[in-house]
4 protein chains.
Amino acid sequence: MAPIVIKNGRIITAVDDYTADILMEGERVQTIGRDIPVGPDVEVHEAAGLLVVPGGVDVHTHLDWEFGSARSADTFGTGTQAAAFGGTTTLVDFADQKRGQSPLAGLEDWHQRAQSSCVDVGAHVILTDVTDQTLEDMKTLIAREGVSSFKLFMAYPGVLMVDDAGLFRAMRVAGSNHAMVCVHAENGPVIQALIEEALSQGHTSPKSHMLTRPSLMEGEATHRAIRISELAQSPLYIVHLSAREALVSVAEARDRGVPVSAETCPHYLFLTDEEYDRPGFDGAKYVMTPPLRTQAHQQELWRGLRTGNLQVISTDHCPFCFQEQPLGMKYSKRLGYGDFSKIPNGAPGVETRLPLVFDGGFRQMGLSLNRIVELTSTAPAKLFGLFPKKGTIAVGSDADIVLFDPGETWTITASEQHSRVDYTLFEGRSVTGRVKKVFLRGQLIVDGTEWRGREGMGHFVFRGESGKV
Amino acid sequence: MAPIVIKNGRIITAVDDYTADILMEGERVQTIGRDIPVGPDVEVHEAAGLLVVPGGVDVHTHLDWEFGSARSADTFGTGTQAAAFGGTTTLVDFADQKRGQSPLAGLEDWHQRAQSSCVDVGAHVILTDVTDQTLEDMKTLIAREGVSSFKLFMAYPGVLMVDDAGLFRAMRVAGSNHAMVCVHAENGPVIQALIEEALSQGHTSPKSHMLTRPSLMEGEATHRAIRISELAQSPLYIVHLSAREALVSVAEARDRGVPVSAETCPHYLFLTDEEYDRPGFDGAKYVMTPPLRTQAHQQELWRGLRTGNLQVISTDHCPFCFQEQPLGMKYSKRLGYGDFSKIPNGAPGVETRLPLVFDGGFRQMGLSLNRIVELTSTAPAKLFGLFPKKGTIAVGSDADIVLFDPGETWTITASEQHSRVDYTLFEGRSVTGRVKKVFLRGQLIVDGTEWRGREGMGHFVFRGESGKV
Amino acid sequence: MAPIVIKNGRIITAVDDYTADILMEGERVQTIGRDIPVGPDVEVHEAAGLLVVPGGVDVHTHLDWEFGSARSADTFGTGTQAAAFGGTTTLVDFADQKRGQSPLAGLEDWHQRAQSSCVDVGAHVILTDVTDQTLEDMKTLIAREGVSSFKLFMAYPGVLMVDDAGLFRAMRVAGSNHAMVCVHAENGPVIQALIEEALSQGHTSPKSHMLTRPSLMEGEATHRAIRISELAQSPLYIVHLSAREALVSVAEARDRGVPVSAETCPHYLFLTDEEYDRPGFDGAKYVMTPPLRTQAHQQELWRGLRTGNLQVISTDHCPFCFQEQPLGMKYSKRLGYGDFSKIPNGAPGVETRLPLVFDGGFRQMGLSLNRIVELTSTAPAKLFGLFPKKGTIAVGSDADIVLFDPGETWTITASEQHSRVDYTLFEGRSVTGRVKKVFLRGQLIVDGTEWRGREGMGHFVFRGESGKV
Amino acid sequence: MAPIVIKNGRIITAVDDYTADILMEGERVQTIGRDIPVGPDVEVHEAAGLLVVPGGVDVHTHLDWEFGSARSADTFGTGTQAAAFGGTTTLVDFADQKRGQSPLAGLEDWHQRAQSSCVDVGAHVILTDVTDQTLEDMKTLIAREGVSSFKLFMAYPGVLMVDDAGLFRAMRVAGSNHAMVCVHAENGPVIQALIEEALSQGHTSPKSHMLTRPSLMEGEATHRAIRISELAQSPLYIVHLSAREALVSVAEARDRGVPVSAETCPHYLFLTDEEYDRPGFDGAKYVMTPPLRTQAHQQELWRGLRTGNLQVISTDHCPFCFQEQPLGMKYSKRLGYGDFSKIPNGAPGVETRLPLVFDGGFRQMGLSLNRIVELTSTAPAKLFGLFPKKGTIAVGSDADIVLFDPGETWTITASEQHSRVDYTLFEGRSVTGRVKKVFLRGQLIVDGTEWRGREGMGHFVFRGESGKV
């Protein structure tokens, strides 16, 4: 692999902003400087006028993931290729513990599926059955398998939900073993009661998905998770925060010094619950959990990004096709036609994060470029034990680098995406700012619209301590 | 029943404070005035120098109550006699729904036991099994049985606990039918995990009861109950609030106008967790739930009483004998000798409320006399649909009246109590202020240390709307 | 004066609600009871179907008051007659310390003017010059003159404003002498800067009055007054609270147990800043301080009344005529024609409080009748050392009683008012609920639309401890 | 000036942490990389085992500053040399507007005094007289003089204090001209009243300085400054925050997105008010404003540093000698012997910041090394318009670099300091971590205990936009 020099780019990290050349060699950044001498064996990429940012880190994706009777539509191959085109070079994806089984088995299974990855990937493990053996296995996962974060669901009773005792016990093990618990915070039982009531009253359309998942119950569960984590003395990470009430609890706890962090997702920042008023079954495209919220909530999320009460923007990429064909019913929203509670929960997004956040966050909402990098790369890398290997442009770090044209205006459309899913939440949206080149550990994998990577080139990332603030 | 005149007393209600005579006739207050003419057929009680207050209303007692394998030590006869000597003329006690049975059956059973009451009694019904039929039965209880409040437990998983869906569904029925839900707010599953862990580590003494029920988990559950009640649009009543964290949630909600109320109990106001350091099994006397807290919590409770964020002082009278004899093991704390988790949870208190609150609240902490009356009589009467029949001294109200000597100093001791229980939490405590005479619906039932009432004279009180603020 | 019996009325106090007869004798309530025997010398007033409430207590009026170059349009005679027709039998009005003079002189002057009062009146003293002598005089006023509350202005620099040092020093004297400080809380200097700027930019219309007094600066000053009172250990009373930000500070302090109370006024509850968009000079009618606020603020005020974070509704009756004639320019809003900063600040309201609050608070917003009485009579009486002489219907209290027809619908109009002012803020407003008869210390002074009282019959009320919660 | 390479150091920025070489050339960082080739003309400094951090930025010093009748004891020469030995390469010091004069004149005067600086210096201007001309001059200072921040005092009435109108007007100009207002937030008038009272009661010792400046009044003024800045739409910087109450207001505002920042100082983090109990006049050494607080406040400050609610640690270096000789009474604390109110307010600290914060913040309180750099260099540089010239180690930035030995333990003592002051607040304190070498724009100025710099080599720094978050 020849050395590569990126010349004259405007380099943005979570704190710095300067113009220089970058020499990558042996998968890492070797030198950063003015007018780096370029030998004959060196491949040069001119970056004048471009932003040079660390490869994105997306710590919330569900690739090739079984969820009830459905399965998310992307393989690790297609999903990671999509990520790369979106400027993301590291994912942390979810392995599952099946009830009655060991989480180690779930990780083993995930590794099988993840072999086709095109970018680097780490794994969280979802715990659904917190037995004494599970707690022991957590320690093994942390120390031996490089899995330093676990996800537990307070939603989906009977499917994924664990009770508060399980949550507490897992948190205690995480807290004393340098790991972190991620929580899907919604009050599952109350929501289940609302769903049953809606169905019994004949409400079957996608909009009922939203109506049965009130923001109050996201706020409640977020507060509960925080209090339990305080008792357990464990760092906590709230995934896909969408509601004002939840943000209030996070902010209050952070002000008291509680080590809780939270992510939101682009769809909560750019879309509102008006999408559920679309005719027919179209609203099903927007059935993810938590659902889209009102504009008032959205404004609070932007405020949270500005104030630092939200630390990460992830995608929660969990794609299901809108049409049944060609992938089959198992991969499709159609599973829930006629019964909103059967619509697979999830939406695509791994490919559109950076352009959306740049366009909306920097250009429109006035977040600094440093902050954009922090939210999409540095903060998740630090929180999940990937730093400084990932999450920055610094000497010695992996040469995961994105050249981004801040001036190019283009239109998002599903037909040009690299995921297997057949729609995008942002169809027809014009954005300014586009990924031009992507390097993964010093190798060019995206060159404009051309794919230069290959399945299997992504490495598994063994992660260190999570949750360190 | 001859008319009775109480002469020259200083009458205290939740708002007024004046000197006058009171004429009782036909169970009710007929006239209040200066120098009421006294005919020859009138019985006169001189009250110069005494406070004349409305009979106490205690909305939290467990008489003759089965709790797991234990049973509380008072019959309705002994318990209500003790109440009367404590200046309390109305109780609201708890009937239970057994799992798989109708709450109506539970009320029926309660009525059997309650026939021996010496003071007036109402019933809450504890719901343990929130089925569709239960929800229907709630409406019947409210409209036909005079039961306008229900209690649900967030603690004691597998025994009394209902899940959040059950809580929510019951709240919705209460909220739309002029009733109120009372909640025991502690996070049962997390506490259960702590208990199991303590036992597995060989911690068996009464102190572990306290250590396994952290205030954080009371705070969490209180917050959760409030949020669910907001969604359900139901008034909410938090029983036996003991923790700062819980009070913070109540105050925050009340400031937003959420119709939540809360009671605390004398033991939280006058005792601290230092009692659990007593030698041997003595700490078992103080095993009630929530447990006694630190002095810092206690100060917050006093603040809550001053600011109005706490509305009621009830006793949670749920007595178990310390010794096995003579009542038998079933009625004794000894059930938990060698395993704190088996100690019956509960303590006596129905007889000492008014003197303690007068001495500590008025004389030492500076609460006004009006506020003392409000906390122990008027507010619970209003919140639980007993007003204006109970809870005040006003023309037309039941002549439930207490003559109280504000200057008499005496010492609390179990040997002089009227409960069947063999100890008091306040043994040897000297207090100033003592109940001298008690009238129930115009009949003298307590005259100094002499008992003038009789079992069976207490009426069941059919209650109206609960939860009206 | 013959004994009077009011028969069969529905008596409402701050806590009770019952039907009975009331016997008044010798200026006081003598007896309350069912079927009080009526001798031949007794005057009987039938009150079946009517509410019988304690005479209103209005602790914020400015009668015959010099304010800069203007003077409020009511004499004590006309103003107190208007009060009586509004169901108010006690005012606490403002005497002034002139700069360089003793507050005792100000009180002396006030007594002269107040001789023509038709209802009972007490006095606060406004302090404008907090010297060592002033502090001494405060003690004299409290102990010898029955003046247990003082008002200081944080607004109107150069006219009425005292600096924070003066505020602090006065509070310390009040706090250690059973008195209370009332504060007009707006940041005077910042507002003055805004006014000067507005004038320099040619903004002269009444609307600029509102635009130059932002709610943020009311909130700031309220917070400041509270913090200074905490340091001074003095009870504090915030007059005419109009802004959400101010209410937030009051609520936060009350939750911590700080003895701060606050009043709002009917105009903030029933009108919004849209009135300033009226054509021409008409907006000048609504020039009071603080100005009318947006509907969002108004909703928060209603919430504050429900939650108990606001304790009193007073009128801040400070009338200036809209027309120059017949009273003269000195008494007219016309003083500020062409320069909003010269419009006399103030509006009438003493006659419309009870009907407005009954109609809006009880009938529309769901406040209880007890709460209406508490807000307009009992709470101000207790806070300002008038209780139990005033503020309740109880044996021994002054027989200040209002018979109120809850069902009569009528229309407010200036032409039927008894103030000298030529307009009302509520012209044409239809309200349900009307004062029918008013008794002052056992004498009928209002009988329907007929005036039965006379100037000079009002007594000065020597007040006891203020600020006791 | 020969190129310099620092080899093998562990480079810490506000976000990164890696090992590399740094090539400095022409005053700036030219290259950062692994194994940078070293030519014969290159000066090499080995840094293995050392931390390599950006030169410190201290935005709060008072050198050669007249304060009432006193003058701070350091010249720009001695003060900046002390700074350099403390690892600080940039100061922002205070120029003053004299009442009745232009702030431009104050800056001119400051430039005269600052010519002897050994490190780079910028200037804030203190405004004491906010006239229309002052507001115009502010714009000139921002645009033409590189002064983008102003300081106003809410304390010291009659000396430095401006009223709220002046504060507001200055903020408005700052807010619309990319500048920031810094505020000394204490309620001057109330404190003045307390001082006068203390003196009148014969309290003259240094401890009274603390007793007359309660934390409540710092909290009040902080809240007030924030609210006025919200109205003015200006960024705000709270200097020397010492009190919990102030921090609460800052946190609350930041959570709402208000652009307010705050600094604390090492003395508040490492000392408490117990120092005022020292015998004799010794407490005068600790007379700075605000005074030292209790340990409870100190814990909150550490919490604020962890949570991000405090952004900067500055020194407020304002030294006065304890002894009269040899500098003379003008420079000495003795001015206040016998009258605490005359003790010059201020203390030295510019030389001890980095070691104290490293030892206490990183080693004891667990702040990350990145956070230490952020607090002492990057954040102040960004907030005050010095970034990226100052505040980081990045290609193109000024080569202001400190080599810091994290393992060396030494003892702070006044006799080894470089300030002219004759004491240190931390005499005898043992700390681990010591400045070894300091480079200013690529020149070695500190080499162990040896001074290699010279007076006059420091540049004035023309600053850009302040207050950008």
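See the structure printed just above.
Values in this document were obtained by computation on a predicted structure and should not be read as measured data. (Residues numbered from 1 in each chain as written. Chains lettered and ligands numbered in written order. Predicted model: local features only at pLDDT ≥ 70, side-chain atom pairs only at ≥ 80, totals over all residues. Heavy atoms only, no water.)

Peer 1: An account of the relation of the copies chain D and chain A is needed here, citing residue identities and associated values.
Peer 2: One chain copy maps onto the other through a rotation about an axis and a shift parallel to that axis. Each copy of the sequence occupies a distinct position, and chain D is placed on chain A by a rotation of 180° and an axial shift of 0.0 Å, giving an RMSD of 0.0 Å. Taken together, these values place the two copies in the relation of a two-fold axis. When C-alpha distances to the rotation axis are compared across chain D, the minimum falls at Ile32(D), with a value of 2.6 Å. Interface overlap between copies is the fraction of interface residues in one copy that are interface residues in the other; for chain D against chain A it reaches 100%, indicating a shared surface. (Least-squares fit on C-alpha atoms with pLDDT ≥ 70 in both. Contact = heavy atoms within 4.5 Å.)

Peer 1: I'd like to hear about the packing of helix H7 (residues 215-232) of chain A against helix H7 (residues 215-232) of chain B, residue by residue, with values.
Peer 2: Geometry of a packed helix pair, given as the angle between the helix axes and the separation of the axes. Running from N to C, H7(A) and H7(B) cross one another at 180°; their axes reach a closest spacing of 10 Å. Considering the angle they form, H7(A) stands roughly antiparallel to H7(B). In contact with Leu216(A), Met217(A), Gly219(A), Glu220(A), His223(A), Arg224(A), Arg227(A), Ile228(A), Glu230(A) and Leu231(A) of H7(A), H7(B) contributes Leu216(B), Met217(B), Gly219(B), Glu220(B), His223(B), Arg224(B), Arg227(B), Ile228(B), Glu230(B) and Leu231(B). (Axes fitted to C-alpha atoms, helices over the stretch in contact; angles between N-to-C directions. Helix = DSSP H or I, 4+ residues; strand = E, 2+ residues; numbered from the N terminus. Parallel < 35°, antiparallel > 145°, perpendicular 65-115°, else oblique.)

Peer 1: How would you summarise the pairing of strand E16 (residues 401-411) of chain A if you had to cite specific residues and measurements?
Peer 2: Along a regular strand, successive side chains alternate from one face of the sheet to the other. Residues and elements named next belong to chain A. Sheet topology places strand E5 (residues 51-54) next to E16; four bridges connect them, and they run antiparallel. Paired with Leu51 across the bridge in E16 is Phe404. Pairing of E16 with strand E17 (residues 430-440), which is carried by eight bridges, proceeds in the antiparallel orientation. Opposite Phe404, over in E17, you have Val435 as the bridge partner. (Pairing = 2+ DSSP bridges.)

Peer 1: Lay out the side chain of Asp58(A) in plain terms, naming residues and giving numbers.
Peer 2: Residue and element names in this part refer to chain A. Its location among the elements puts Asp58 in strand E6 (residues 56-61). Arg353 provides the closest opposite charge to the buried, unpaired Asp58, separated from it by 4.6 Å. The contacts of Asp58, once residues within four sequence positions are left out, are Thr88, Thr90, Leu91, Val92, Ser314, Thr315, Val350 and Arg353. (Buried < 20%, exposed > 50% of the residue type's maximum accessible area, 1.4 Å probe, protein only. Lys, Arg positive; Asp, Glu negative; His and termini not counted. Salt bridge = Lys/Arg side-chain N within 4 Å of Asp/Glu carboxyl O.)

Peer 1: Requested: an account of the sheet that holds strand E15 (residues 312-313) of chain A, with residues and values cited.
Peer 2: All names here are of chain A. Read from one edge to the other, the open sheet built from eight strands follows the order E6-E9-E10-E11-E12-E13-E14-E15, with strand pairing classed as parallel. Since the sheet does not close on itself, it has two edges, and those belong to E6 and E15, each with one partner. Strand direction decides the pairing type here: strand E12 (residues 180-184) and strand E13 (residues 236-238), joined by three bridges, are parallel. Among the inter-strand pairings, Val181 is bridged to a residue of E13, identified as Leu236. Across the sheet, helix H1 (residues 76-85) is in contact with strand E9 (88-96) and strand E10 (120-126); its angle to E9 comes to roughly 145°.

Peer 1: How would you explain the interface of chain D and chain A if you had to name every residue and give the values?
Peer 2: Interfaces are frequently sized by the accessible area removed from exposure as the parts join. Listed per partner, the contact involves 31 residues of chain D and 31 residues of chain A. Sorting the residues of chain D by area buried against chain A places Val15(D), Asp255(D) and Val395(D) first, and these three jointly supply 25% of that buried surface. At the surface where chain D touches chain A, the tally comes to zero salt bridges. Sorting the residues of the side of chain D that touches chain A by element identifies strand E2 (17-25), strand E3 (28-33), helix H8 (244-255), helix H10 (295-307) and helix H12 (369-383) of chain D as the ones contributing at least two each. Sheet topology places strand E3 (residues 28-33) of chain A next to E3(D); three bridges connect them, and they run antiparallel. Looking at E3(D), one finds that Gly33(A) is bridged to Thr31(D). (Buried area = accessible area lost by both parts, 1.4 Å probe.)

Peer 1: Requested: an account of the environment of Ile226(C), with residues and values cited.
Peer 2: Residue and element names in this part refer to chain C. Relative to the helices and strands, Ile226 resides in helix H7 (residues 215-232). Judged by its relative accessible area of 0%, Ile226 falls in the buried class. Not counting the four nearest positions on each side in its chain, Ile226 is found in contact with Leu236, Ser249, Val250, Ala253, Val258 and Val260.

The quantities given are spatial measurements derived from coordinates; they are silent on function.
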